[in-house]
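Residue-level structural notes
Chain by chain, the residues:
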Amino acid sequence: MDIGITASRYAKALLEFSTENKEEQKVYEEMTTAAEMFRKFPQTLSYLQNPAVSNEQKKQLLCGACGSNTEKISSSTQRFLQLIVKNNRTDLMPFFAQSYITLYRKTKRFIKGKLTVPCEISDEAQERFKKIVEELSNSKVEFQVEVAPEIEGGFVLEYDCYRLDASIRTQFNQLRRKL
């Protein structure tokens, strides 16, 4: 079984179904939450693979992974979780979530961008970087700013598959290698 093909088929079906129900944004947020949960707690996967765990328990775990206890998950996600539990595909949920995220971003034409700076910068400067990335990529950008004093100065800009490292630390390292 090719996990990539299976995951993309399930993700495509979920995107189509959630779009019909006008819940694709909510499902995107839920799949992002689930993907992050599986990244932080990989032992959850062994729980989903355990045959001693009932289908109802697996469904409850997956519902919890897609959203917090305070908010109810979308009906599209609930139906999707019922389907994968019924088809014994719960162990593939991390792949389904990641495939949905990728497909959703591609469909909605937006990418993730990350700016790493040595200290806090103004909202105005963040917006300028965001606009530059949007113009270069011709897409909307979900932008994240991270403060990392170890870069000493300058910035590191990452988006899509590009990386621009204009940090002082990198320039010092390049100079050190040349000497």
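Definitions and limits used
- Residues numbered from 1 in each chain as written.
- Predicted model: local features only at pLDDT ≥ 70, side-chain atom pairs only at ≥ 80, totals over all residues.
- Heavy atoms only, no water.
- Helix = DSSP H or I, 4+ residues; strand = E, 2+ residues; numbered from the N terminus.
- Buried < 20%, exposed > 50% of the residue type's maximum accessible area, 1.4 Å probe, protein only.
- Polar contact = N/O pair within 3.5 Å; in protein donor to acceptor, adjacent residues only side chain to side chain.
- Phe/Tyr/Trp six-rings, centres within 6.5 Å; stacked < 30°, edge-to-face > 60°.
- Patch = residues over 30% accessible without salt bridge, like charges linked within 9 Å, V, L, I, M, F, W, Y side chains within 5 Å.
- Areas by Shrake-Rupley, 256 points an atom, 1.4 Å probe, with all protein chains shown as cover.
- Salt bridge = Lys/Arg side-chain N within 4 Å of Asp/Glu carboxyl O.

**Let's talk about the environment of Ser-75**
Among the secondary structure elements, Ser-75 is positioned in helix H5 (residues 75-86). Judged by its relative accessible area of 36%, Ser-75 is partly exposed. Here the alpha-carbon distance between Ser-75 and Ile-151, two residues 76 residues apart in the chain, equals 45 Å. A polar side-chain atom of Ser-75 sits 3.2 Å from a polar atom in the side chain of Glu-23.

**Some thoughts on the packing of aromatic side chains**
Tallied over the entire structure, the rule returns 9 aromatic pairs. Relative to Tyr-104, the ring of Tyr-100 lies with its centre 6.1 Å away and its plane at 20 degrees, an arrangement referred to as stacked. Of the two residues, Tyr-100 and Tyr-104 both sit in helix H6 (residues 93-108), 4 residues apart, roughly one turn of that helix. With relative accessibility at 0%, the residue Tyr-100 sits in the buried group. Residue class for Tyr-104 comes out buried when judged on its relative accessible area of 4%. Geometrically, the ring pair formed by Tyr-104 and Phe-110 is edge-to-face, given 5.9 Å between the ring centres and 80 degrees between the ring planes. Linked through ring pairs, Tyr-28, Tyr-100, Tyr-104 and Phe-110 together constitute an aromatic cluster.

**A word on a nonpolar patch on the surface**
A cluster of nonpolar residues, Ile-168, Phe-172, Leu-175 and Leu-179, forms a patch on the protein surface that exposes about 430 Å² of accessible area. For Leu-175, the position within the fold is in helix H8 (residues 168-178). On the basis of relative accessible area, Leu-175 is assigned to the partly exposed category, the value being 45%.

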